[in-house]
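# Reading the structure
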Amino acid sequence: MSHQDDERWMQYAINLAKQAAAEDEVPVGAILVRGDELLAEGWNQPIGHCDPTAHAEIQALRAASYKVNNYRLPGTTLYVTLEPCSMCAGAIVHARVERVVFGASDPRAGAGGTIFNLLQAPELNHRCEITSGVLADECAELLRRFFRERRGLIRELEE
């Protein structure tokens, strides 16, 4: 995929992250693509679904697996606005996703190279190609704005 393709698909994921924010969820969006075909999409929904595993990546992986009737997803690229956590990275490896493209790095829980690199761990039987930093500023700003607004709302409620 070209850099332009990566940006186009990441913009799609950013729009899903905005959907998450509109639902008062942490604004993370993810899509799974095979070739130039969108297989599935997801956005953070752990609060609304009362499910700690309902991260954007997991939502997209589940939807794609149902669509292709297989829990293995070789030849796919996952675009996600925030670097996957260890839970999501584990699922990505188990699904045999070929490539992961993420926007913002996660300095607290990133498992795509920032804190851990589960996506490329030599001890595991599958490793993903990683492209990081695609539209990173826009992805990070969505998160910063969300948490700034959250902190402001909390202050208002405390007053």
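Data block above holds the structure.
First things first, this report covers the structure right here in the doc. This one's a predicted model, so the numbers in the text were calculated from it and none came from an experiment. (Residues numbered from 1 in each chain as written. Predicted model: local features only at pLDDT ≥ 70, side-chain atom pairs only at ≥ 80, totals over all residues. Heavy atoms only, no water.)

### Here's the deal with the side chain of Glu57
Rules: We count a stretch as a helix when DSSP gives it H or I for four or more residues in a row; a strand needs E for two or more, and each element gets its number in order from the N terminus. Relative accessibility decides the category of a residue: with a 1.4 Å probe and only protein chains considered, values under 20% of the type maximum give buried, values over 50% give exposed, and everything between is partly exposed. For the purpose of charge, His is not counted, nor are the chain termini; Lys and Arg are scored as positive and Asp and Glu as negative. Any Lys or Arg side-chain nitrogen found within 4 Å of a carboxyl oxygen on Asp or Glu counts as a salt bridge. Residue contacts follow a heavy-atom distance rule, with two residues in contact if any of their heavy atoms lie within 4.5 Å.
Assignment of secondary structure puts Glu57 in helix α3 (residues 56-68). The side chain of Glu57 sits in the buried core without any salt bridge; Arg62 is the nearest counter-charge, 11 Å away. Once residues within four sequence positions are removed from consideration, Glu57 is found in contact with Ala30, Leu78, Val80, Leu82, Glu83, Pro84, Cys85 and Cys88.

### Remarks on the pattern of salt bridges
Pairs may arise between side chains of opposite charge once their charged atoms sit close together. For the structure shown, the criterion picks out eight salt bridges. Residue Lys67 is joined to Glu37 by a salt bridge in which the shortest nitrogen-to-oxygen separation is 3.8 Å. Remark: Glu37 occurs in strand β2 (residues 37-43) and Lys67 occurs in helix α3; sequence separation between them is 30 residues. Taking relative accessible area as the criterion, Lys67 reaches 48% and is therefore assigned partly exposed. Classification of Glu37 by relative accessible area gives partly exposed; the value is 41%. Put simply, Glu141 and Arg148 hold a salt bridge, and the shortest N to O gap is 2.9 Å. For Arg148, a relative accessible area of 42% puts it in the partly exposed group. A network of salt bridges, in which partner residues are shared, links Asp5, Arg8 and Asp36.

### Some details on the packing of α3 against helix α4 (residues 86-95)
Our working definition: Each axis is a line fitted through C-alpha atoms, taken for helices only over the stretch in contact, and angles between the N-to-C directions span 0 to 180 degrees. Angle categories: roughly parallel below 35 degrees, roughly antiparallel above 145, roughly perpendicular from 65 to 115, and oblique for all the rest. Crossings are sorted by hand: turned counterclockwise from the far helix by less than a right angle, the near helix makes the crossing left-handed, and turned clockwise it makes it right-handed.
The contact between α3 and α4 brings their axes to 9 Å, and the two run at 25°. Taken together, the axes of α3 and α4 are roughly parallel relative to one another. The hand of the α3/α4 crossing is left-handed. Taking contact as the criterion, the partners of Glu57, Ile58 and Leu61 in α3 are, on α4, Met87, Cys88, Ala91, Ile92 and Ala95.

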